[in-house]
Amino acid sequence: MVARSVTTMLITARQASSILQERAGVGRQQSRRILHAGLAGEATTGPTCLLFDEARVTALAERAQADQAELLSICPAGVFVLRLGRGREISTAKAWEEAAGVLAVQGEPGPMTRLHVRSYLAAFGRLPFVATVGGFPVLAADLVSLHAGAGDGVTLGLEEAGAWQSLLEGRRLSTSPGPPWLLMGPPPYLGCAEAARERGEPVGAARSTTWSRWA
C-alpha cells in the first residue's frame, strides 16, 4: 500500500514483523513487542490492520550493535539494563519524564543484584540505566537511587542520562538471555572495587561482563 507521499511505502504489521525476524534475528513475539513500543514509528490504522513505514522498519531491523566495550570504558560503574518483558513495554512516543515515571516502579531485582547496585551507587553516586525491548533501547537514564517499594517491588530514582547515551543512539543493545535485570560491567565486590583499583589490583579480570545473570 502506498501512502499519500509517494516516498512512503506502508506495510502490514505481519510484514513488518517478518522483516524484524529475518534481519534483526528476533523472535515473532519479540518483533510484535518491538512494533508495539513504537520503535519503528507510530502505526497507521488501515481498513483491516495496522500499517508501518517499510523504510523505518527496515532501518530499525538493520541497526548495528552498540560497542559494549566502548560503552563500559566511559561507564566505569557499569550499565544497569532492564529488559522489559511482555506487557511491560513503554512507548517511545512518550516524553522522557513520562516514560521515566512509568518505569520508576519495578519488580524486585533480587537481593544480590540490589546489593550490588547499591554498592555501585555508594561508590559512584549514579549508575547508567537502560531499558530495552527486544534488545532495542527505549529509555536511557542515570539511576541515582533504588529503594524498596510497595510489596515486593522497588522504586528507581531516575535522572536524565549523561553524554554516554550517545553511544546508544541508533544502536541495539543485545544481551544474552536471562532475567529482566542485568548489570553489565565488572563486579564491584560490594563496594571494594575502587579501592582495589587504587592498589593496582585487577578488578573483573577474566569475568563475564554479564556476571549478574548468575545472581
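About the criteria used
- Residues numbered from 1 in each chain as written.
- Predicted model: local features only at pLDDT ≥ 70, side-chain atom pairs only at ≥ 80, totals over all residues.
- Heavy atoms only, no water.
- Pairing = 2+ DSSP bridges.
- Helix = DSSP H or I, 4+ residues; strand = E, 2+ residues; numbered from the N terminus.
- Contact = heavy atoms within 4.5 Å.
- Axes fitted to C-alpha atoms, helices over the stretch in contact; angles between N-to-C directions.
- Salt bridge = Lys/Arg side-chain N within 4 Å of Asp/Glu carboxyl O.
- Buried < 20%, exposed > 50% of the residue type's maximum accessible area, 1.4 Å probe, protein only.
- Left-handed = near helix turned anticlockwise from the far one by under 90°.
- Nonpolar A, V, L, I, M, F, W, Y, C, P; charged D, E, K, R; others polar.
- pLDDT = per-residue confidence, 0-100.

1. Considering the sheet that holds strand E2 (residues 44-45)
Thought 1: With antiparallel pairing, the three strands of this open sheet are ordered in space as E1-E3-E2. A single partner strand is all that each edge strand has here, and the edge strands are strand E1 (10-12) and E2.
Thought 2: Across two bridges, E2 lies against strand E3 (residues 50-53) in antiparallel orientation. Each residue of the ladder has a partner; that of Thr 45, found in E3, is Leu 50.
Thought 3: Across the sheet, helix H3 (residues 54-61) lies against E1 and E3, angled at about 65 degrees from E3, the strand it touches most.

2. As for the sheet that holds strand E8 (residues 136-148)
Thought 1: The sheet built from six strands is open, its strands ordered E6-E9-E8-E7-E5-E11 with mixed pairing. Two strands lie at the open edges of the sheet, namely strand E6 (105-106) and strand E11 (181-184), each paired on one side alone.
Thought 2: Note: E6 against strand E9 (residues 154-160), two bridges, orientation antiparallel. Of the residues in E9, the one forming a bridge with Gln 106 is Val 154.

3. Focus: the pattern of salt bridges
Thought 1: In the structure shown here, the tally under the stated rule is six salt bridges.
Thought 2: A salt bridge links Arg 33 to Glu 89, with the nearest nitrogen and oxygen atoms 2.8 Å apart. With Arg 33 in helix H2 (residues 28-36) and Glu 89 in the loop between strand E5 (79-83) and helix H5 (96-103), the pair connects residues that are 56 residues apart, well separated along the chain.
Thought 3: With a closest N to O distance of 3.0 Å, Asp 142 and Arg 126 form a salt bridge. Taken together, the residues Asp 142 in strand E8 and Arg 126 in the loop between helix H6 (111-124) and strand E7 (127-133) connect sequence positions 16 residues apart.
Thought 4: Here Asp 142 falls in the buried class, since its relative accessible area comes to 7%.
Thought 5: Sharing partners across several salt bridges, the network here consists of Arg 126, Asp 142 and Glu 159.

4. Considerations on the environment of Gly 170
Thought 1: Of note, Gly 170 is situated in the loop between E9 and strand E10 (171-172).
Thought 2: Residues Gly 170 and Arg 63, 107 residues apart in the sequence, show an inter-C-alpha distance of 6.5 Å.
Thought 3: Those residues in contact with Gly 170 that lie beyond four places of it in its chain are Arg 63 and Ala 64.

5. Side note on the pairing of E9
Thought 1: The pairing of E8 with E9 spans seven bridges and is classified as antiparallel. Pairing of Leu 146 across the sheet is with Leu 156, part of E9.

6. Some remarks on the packing of helix H1 (residues 13-24) against H2
Helix-helix packing is characterised by the crossing angle of the two axes and by the distance between the axes.
Thought 1: One can describe the packing of H1 onto H2 by two numbers: an axis separation of 9 Å at closest approach and a directional angle of 115 degrees. Of the two possible hands of crossing, H1 and H2 adopt the one that is right-handed. Residue-level contacts link Ala 13, Ala 16, Ser 17, Leu 20 and Gln 21 of H1 to Arg 28, Ser 31, Arg 32, Ile 34 and Leu 35 of H2.
Thought 2: Looking at the contact of H1 with H2 residue by residue, the class counts come to five nonpolar, three polar and two charged.

7. Section: the confidence of the model for the protein
Thought 1: Summing up the model confidence of the protein, the mean pLDDT is 85 and the portion of residues at 70 or higher is 83%.
Thought 2: Confidence drops under pLDDT 50 across residues 201-215; counting only partners more than four residues distant or on other chains, this segment forms 34 contacts.

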